[in-house]
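Here is how the chains run, residue by residue.
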Amino acid sequence: MQELTIDAAATEPPIAATPRGPRLLFIDNIRWVMIILVVSMHSADTYSPLGNWYFTDRSPVTTATLLTFAAWQMYLQAFFMGLLFFIAGYFFPSSLQRKGARKFIRERAFRLGLPVLFYMFVLGPITEYFVAHSWNSTEPTSFANEWIKHIRNGQFLQENGPLWFCLALLIFCVCYAALHRARTDAAIDASDSPAPGNARLIGFALVMAAFTFVVRLIFPDGTSVLNLQLADFPQYILLFIAGTHFARGHWLQELDYRLGVRWLAIVLPVGFA
């Protein structure tokens, strides 16, 4: 199999042998469900005693209400963003193979990078100043002066808000393209191993748990770089990588429905416990 370096792949035209495949409706269903859960999480952050958000309206709650908020927010946080990274990783291999490295990175920079910059320099500052009222100087000053100070002191680097997900995906995109050696379409479409069964899924879960545990010892919850919560990234990285492997092996289409139902029946009660 002939391998091309990134530099060579960047000069090649898009590979015609890997056209865009049919739309996967079940992926759409998973994605919109996860987006609804993300919205519900931030809604809970507004009224729950737990979590951080720009606007809060928190009144005293009963113990039962607190436990309900805690169970919902912690359970969602345990998987929903990781699943979105998995879905993103699932579409990276075919997109890179179809477009070539240069076009792939350029399009991702436009679709992911520009919204991040718009939020950091426009939408985020407006939200902080006029909604959250979190820009408090010693003496009252104008939005323009606060905005200039926001840029000058480097605070904007941490102010990507909910768009941290786009920033993380852009970083993953660049890393994936840099490490990836373009393969032929046969290498993308073929898989030497079947879809993972129970043993491999359990092994992956144990590796992810151990990786997360070690990272959280080094970087406690709340430690962030560019507003990226480092304690959560073992899950995000591993599930993103898993998504790329599932794509190359077409494993999602091979997974047995009964296996999925069995695992759902396991993780729902165990997760809440």
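Residues numbered from 1 in each chain as written. Predicted model: local features only at pLDDT ≥ 70, side-chain atom pairs only at ≥ 80, totals over all residues. Heavy atoms only, no water.

S.K.: Just checking my understanding: could you explain the overall build of the chain for this structure?
M.R.: Each helix and strand counted, the chain has 12 helices and two strands in total. When its helices and strands are written in sequence order, the chain yields α-α-α-α-α-α-α-α-α-β-β-α-α-α. Relative to its full complement of 273 residues, the chain shows a buried share of 35%. Counting only carbon and sulfur atoms, one obtains 68% of the accessible surface of the chain, whose full area is about 16200 Å². (Helix = DSSP H or I, 4+ residues; strand = E, 2+ residues; numbered from the N terminus. Buried < 20%, exposed > 50% of the residue type's maximum accessible area, 1.4 Å probe, protein only. Areas by Shrake-Rupley, 256 points an atom, 1.4 Å probe, with all protein chains shown as cover.)

S.K.: Where do I start with the environment of F85 in this structure?
M.R.: Looking at the secondary structure, you find F85 in helix α4 (residues 80-99). Overall, F85 belongs to the buried group, its relative accessible area being 0%. Each C-alpha atom, one on F85 and one on L169, is 7.7 Å from the other, the two residues being 84 residues apart in sequence. Setting aside residues no more than four positions away along its own chain, F85 makes contact with W164, F165, A168, L169, F172, Y236 and F240. (Contact = heavy atoms within 4.5 Å.)

S.K.: Which parts of the structure should I look at to understand the environment of Q235?
M.R.: Note on placement: Q235 falls in helix α10 (residues 233-249). Each C-alpha atom, one on Q235 and one on F86, is 9.7 Å from the other, the two residues being 149 residues apart in sequence. Look past the residues within four positions of Q235 in its chain and what remains in contact with it is A78, F79, G82, M208 and T212. Reaching out from Q235, the side chain makes a polar contact with the backbone nitrogen of G82 at a distance of 3.4 Å. (Polar contact = N/O pair within 3.5 Å; in protein donor to acceptor, adjacent residues only side chain to side chain.)

S.K.: Help me understand the packing of helix α2 (residues 25-47) against α4 in this model?
M.R.: Two measures define how a pair of helices packs: the angle their axes make with one another and the distance between the axes. Axis separation between α2 and α4 bottoms out at 10 Å; the angle between their running directions is 145 degrees. When you trace α2 past α4, the crossing you get is left-handed. From α2, I27, I30, R31, M34, L37, V38 and M41 reach across to α4, where they touch F80, M81, L83, L84, I87 and F91. (Axes fitted to C-alpha atoms, helices over the stretch in contact; angles between N-to-C directions. Left-handed = near helix turned anticlockwise from the far one by under 90°.)

S.K.: Whenever I open this one, the packing of aromatic side chains confuses me. Can you help?
M.R.: The description of an aromatic ring pair uses the distance of the two centres, along with the angle that the planes make with each other. Under the counting rule described, the total for this entry stands at 25 aromatic pairs. Ring centres of F130 and F143 lie 5.4 Å apart, and the angle between their planes is 35 degrees; on these two criteria the pair is classed as tilted. With F130 in helix α5 (residues 101-132) and F143 in helix α6 (residues 143-152), this residue pair connects regions lying 13 residues apart in the sequence. (Phe/Tyr/Trp six-rings, centres within 6.5 Å; stacked < 30°, edge-to-face > 60°.)

S.K.: Can you walk me through the nonpolar core in this structure?
M.R.: Generally speaking, soluble globular proteins have nonpolar side chains that are buried together. Within the largest apolar cluster, 36 residues are counted, with the highest numbers of intra-cluster contacts made by F80, M81, F85, W164, F165 and F233. Those elements that place two or more of their residues in this core are α2, α4, α5, α7 (164-179) and α10. For F80, the residues in contact, after removing those within four places along its chain, are M34, L37, V38 and M41. I27, F246, W251 and L252 belong to the second-largest nonpolar core, a separate cluster that totals 13 residues. (Core = buried A, V, L, I, M, F, W, Y, C linked by side-chain atoms within 4.5 Å.)

S.K.: I would appreciate a short explanation of the pattern of salt bridges in the present structure.
M.R.: Following the criterion strictly, the structure yields seven salt bridges and no others. For R23, the salt bridge is made with D28, and the minimal N-O distance between the two is 2.7 Å. Of the residues examined, R23 reaches a relative accessible area of 63% and is grouped as exposed. If you follow the salt bridges from partner to partner, you end up with R23, D28 and R31 in one network. (Salt bridge = Lys/Arg side-chain N within 4 Å of Asp/Glu carboxyl O.)

S.K.: Can you help me understand the confidence of the model for the chain in this one?
M.R.: Parts of the model with low pLDDT should not have their predicted coordinates read in detail. Scored by pLDDT, the chain has a mean of 84; 86% of the residues are at 70 or more. For the chain, helix α1 (residues 6-11) is the element with the lowest average pLDDT, namely 40, and α10 is the one with the highest, namely 94. In this model residues 1-17 is a low-confidence stretch, pLDDT under 50, and it forms 26 contacts with partners more than four residues away in sequence or in other chains. Note on residues 184-190: pLDDT under 50 across the span, and 15 contacts to partners over four residues away in sequence or across chains. (pLDDT = per-residue confidence, 0-100.)

S.K.: Is there a simple way to explain the state of the cysteines in this structure?
M.R.: According to the stated counting rule, one finds zero disulfides in the structure shown. Its sulfur unpaired, C175 is 9.1 Å from the next cysteine sulfur, which belongs to C173. Classification of C175 by relative accessible area gives partly exposed; the value is 42%. (Disulfide = S-S within 2.5 Å.)

S.K.: Is there a simple way to think about α2 in this case?
M.R.: In an α-helix, one full turn covers 3.6 residues, which means residues spaced three or four apart are oriented alike. End to end, α2 covers 34 Å across 23 residues, agreeing with the expected 33 Å (1.5 Å per residue, within 8%). For α2, the set of buried residues is I27, D28, M34, L37, V38, M41, A44, D45 and T46. Summarising the contacts, the buried residues of α2 are in contact with α3 (63-77), α4 and α11 (251-254). (Expected span 1.5 Å × (residues − 1).)

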